[in-house]
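Residues per chain, in single letters:
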Amino acid sequence: MSNTTARIFIDTNRIISDISPLVFSGFAEHMGRCIYQGIYEPDSPLADENGFRTDVMAAMRELNFRMIRYPGGNFLSGYNWLDGVGPKSQRPRRKELAWQSIETNQFGTNEFMQFCRMINAKPMLGVNLGTGSISEAASLVEYVNAPAGSKFADLRVSHGYKDPYGVEYWCLGNEMDGPWQIGHLEAHEYGLKAREAAKMMRWHDPRIKLALCGSSSTHMPTYPDWDRSVLEHCWDMVDYLSLHYYAQNADNDTSSFLASSAQFESQIDTLAGTLRYVKAKLRSKHEVTLSWDEWNVWYKNGNMQGNWTEAPHLIEEVYNHEDALVVAQWMNVFLRKADILKIACLAQIVNVIGPILTTSNSMLRQSIFFPFMYFSRYATGQSLDVLTQSPKTETAKYGEMPLIDTSASYDPATGESAIFIVNRSQDQALTTDIVWQSVAPARIKTIYQMAHSDVKAANSFEHPDTVVPVTLPGMPVNNNKVTLSLPPLSFTVITA
Ligand code: AHR
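Caption draft 1: Examining the environment of Pro 206 more closely. The residue Pro 206 is located in the loop between helix 5 (187–204) and strand 9 (209–212) in this model. Note on Pro 206: relative accessible area 65%, which makes it exposed. Separated by 38 residues in the primary sequence, Pro 206 and Glu 168 have C-alpha atoms spaced 9.7 Å apart.

Have a look at this one:
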């Protein structure tokens, strides 16, 4: 192992933007064991009186999810929200087509609202624009947000929920560009339908904020023209353009995988450019920003067939150390792009490509749990434009990349700051100077670090502590500078 040097320059005057807390959100879908046996499992010894898993809720609070997107996902495009409200004994069992599973509807909109309250997260609700009509979409807004006195608001009251919920964030369908989507549409067809749905939904509640379906991946042949087209149809009616992406290392090219921040950054740059283009073309003063409402590593487990069973084990990805380093870089990008990225939802929150896995009486934190937790906890206030000088490494997919990937936050309200650093080198420890160019803190409070020599190392129920962070002591900042040694294949969080 060799030891080379890097330098990180921090200036609290070099502000990119406020960090939107909603970039620390999650996504829960009626898929596999995310809802049933994940969030909701009345038969578990760990369930509360409502059937919610208390251990899972505690983990959600640790992750400090600010908002949860629900109920899908591909599930959304075949879902009739009326199936999931009212007395549980009268809710239908349905063949759920997206994942070929049996949906019992024992968990629905009101249970979701209650769950969000329990974990102190905002809800983000999707409306079905696959099989669903614009009228059904509007009725859901009425059911959820209207005061008593009209049909669907009164239905909510009759179900025992007197007060409107005031749900602010809504998704206009899911991945409507994908041929796999139930009721998939061409861009102009979706643009027209989304616009009309938005119009009706806003008539019920003008305060709502709407996310339009952008491309479901950069791999789509219609990317990014789909985004341009749907934005041109809906610009003044929507607040966010959604983007989705799942990172993968199927060809086991770890150098390229560990440089995935280049992909994430370029996806945001392309869509930010598309937003600017449409705004200029339409001579609009209205702003639309980005909602990365599905993101994660996903490629090892492709089991998506439920074989008409309840809560089947679908895409229960096991996360290893290199996945955690990619998640950390992704969140670095969230901070570096804080001016345009305002929502991001980790897909998903439990069991299904999730940071935690459950059995009926236990729970496991996977490797990706920890980077999410640290960013969510410490990246507050403003994102800073960090200057890094680092040795480079050559990658097959992204060419030459710096060995370190960095972001930083400073919160003027509290005076607290954090620096997040991935050392993507597989064999080099980096002696790294951190230099404050404006006012420096007196001390580094604490350092949290994840490092492992085996990129494929993963936690399991038998060995839950294989890939976990360590807490290192703080140190004084002398002459505006500290020097650290960053191990190869590591993620370091410095709080001050
Ligand atoms: O998160 C799993 C699936 O991935 C979602 O249902 C869909 O939107 C995406 O393709």
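Here the narrative resumes.
Caption draft 2: Looking closely at the sheet that holds strand 3 (residues 25–27). Taken in spatial order, the 8 strands close into a barrel running 3-4-7-8-9-10-11-12, and their pairing is parallel. The sheet shows a mean angle of 30° between the axes of neighbouring strands, direction not considered. Note that strand 7 (residues 122–127) and strand 8 (residues 169–172) share 4 bridges and pair parallel. When the sheet's bridge partners are listed, Met 124 is paired in strand 8 with Tyr 169. Sitting on the sheet, helix 9 (residues 321–336) touches strand 10 (240–247), strand 11 (289–297) and strand 12 (341–347), and the angle it makes with strand 11 is about 175°.

Caption draft 3: Spotlight on the site of the ligand. Residues in contact with the ligand, as listed here, are Phe 27, Glu 29, Gly 73, Asn 74, Trp 99, Asn 174, Glu 175, Tyr 246, Glu 294, Trp 298, Gln 348 and Ile 353. Here Asn 174 contributes a side-chain N or O atom positioned 3.0 Å from an oxygen atom of the ligand. With respect to the ligand, the side chain of Gln 348 contributes an N or O atom lying 3.0 Å from an oxygen atom. Protein coverage of the free-state accessible area of the ligand, which is 280 Å², stands at 94%. Within the shell around the ligand, the residues separate by chemical class into 5 nonpolar, 4 polar and 3 charged.

Caption draft 4: Structural view of the packing of aromatic side chains. Summed over all chains, the structure comprises 31 aromatic pairs. Note on Trp 292 and Phe 334: the rings are 6.1 Å apart at their centroids and 55° apart in plane angle, and the pair reads as tilted. Placement of the pair is Trp 292 in strand 11 and Phe 334 in helix 9, with a sequence separation of 42 residues. For Trp 292, a relative accessible area of 0% translates into the label buried.

Caption draft 5: Structural context of helix 8 (residues 261–281). The end-to-end C-alpha separation of helix 8 is 30 Å, in line with the 30 Å expected for 21 residues at 1.5 Å each. Among the residues making up helix 8, those that are buried are Ser 261, Gln 263, Phe 264, Glu 265, Gln 267, Ile 268, Leu 271, Ala 272, Thr 274, Leu 275 and Val 278. One or two steps after helix 8, the chain reaches Arg 283, where phi turns positive at roughly 50°.

Caption draft 6: Region of interest: the environment of Arg 207. By the element assignment, Arg 207 lies in the loop between helix 5 and strand 9. It is 25 Å that separates the C-alpha atoms of Arg 207 and Gly 381, two residues lying 174 residues apart in sequence. Apart from the residues within four sequence positions on either side, Arg 207 is in contact with Asn 145 and Glu 168.

Caption draft 7: Highlighting the sheet that holds strand 20 (residues 416–423). Read from one edge to the other, the open sheet built from 7 strands follows the order 2-15-19-20-25-22-23, with strand pairing classed as antiparallel. The sheet is open, and its two borders are formed by strand 2 (15–18) and strand 23 (470–476), each paired with just one other strand. The average undirected angle you get between the axes of adjacent strands in this sheet is 20°. Contacting strand 19 (404–411), strand 20, strand 22 (443–451) and strand 25 (490–495), helix 10 (residues 369–378) runs over the sheet at an angle of about 20° to strand 25.

Caption draft 8: Seen up close, the packing of helix 9 against helix 10. Running from amino to carboxyl end, helix 9 crosses helix 10 at an angle of 25°, the nearest separation of the two axes being 8 Å. With respect to their mutual orientation, helix 9 and helix 10 come out roughly parallel. Crossing hand, helix 9 versus helix 10: right-handed. Facing helix 9, whose interface residues are Ala 324, Val 327, Ala 328, Met 331, Asn 332 and Leu 335, helix 10 presents Pro 371, Phe 372 and Phe 375.

Caption draft 9: Looking closely at the pairing of strand 22. As defined by bridge partners, strand 22 adjoins strand 23 across 6 bridges and the pair is classed as antiparallel. Bridge assignment links Arg 443 to a residue of strand 23, and that residue is Pro 476. Where strand 22 and strand 25 come together, 6 bridges link them in antiparallel fashion. Residue pairing in the sheet places Ala 451 in a bridge with Ser 490 of strand 25.

The rules behind these values
- Residues numbered from 1 in each chain as written.
- Predicted model: local features only at pLDDT ≥ 70, side-chain atom pairs only at ≥ 80, totals over all residues.
- Heavy atoms only, no water.
- Helix = DSSP H or I, 4+ residues; strand = E, 2+ residues; numbered from the N terminus.
- Buried < 20%, exposed > 50% of the residue type's maximum accessible area, 1.4 Å probe, protein only.
- Pairing = 2+ DSSP bridges.
- Axes fitted to C-alpha atoms, helices over the stretch in contact; angles between N-to-C directions.
- Contact = heavy atoms within 4.5 Å.
- Near = heavy atom within 4 Å.
- Polar contact = N/O pair within 3.5 Å; in protein donor to acceptor, adjacent residues only side chain to side chain.
- Areas by Shrake-Rupley, 256 points an atom, 1.4 Å probe, with all protein chains shown as cover.
- Nonpolar A, V, L, I, M, F, W, Y, C, P; charged D, E, K, R; others polar.
- Phe/Tyr/Trp six-rings, centres within 6.5 Å; stacked < 30°, edge-to-face > 60°.
- Expected span 1.5 Å × (residues − 1).
- Parallel < 35°, antiparallel > 145°, perpendicular 65-115°, else oblique.
- Left-handed = near helix turned anticlockwise from the far one by under 90°.

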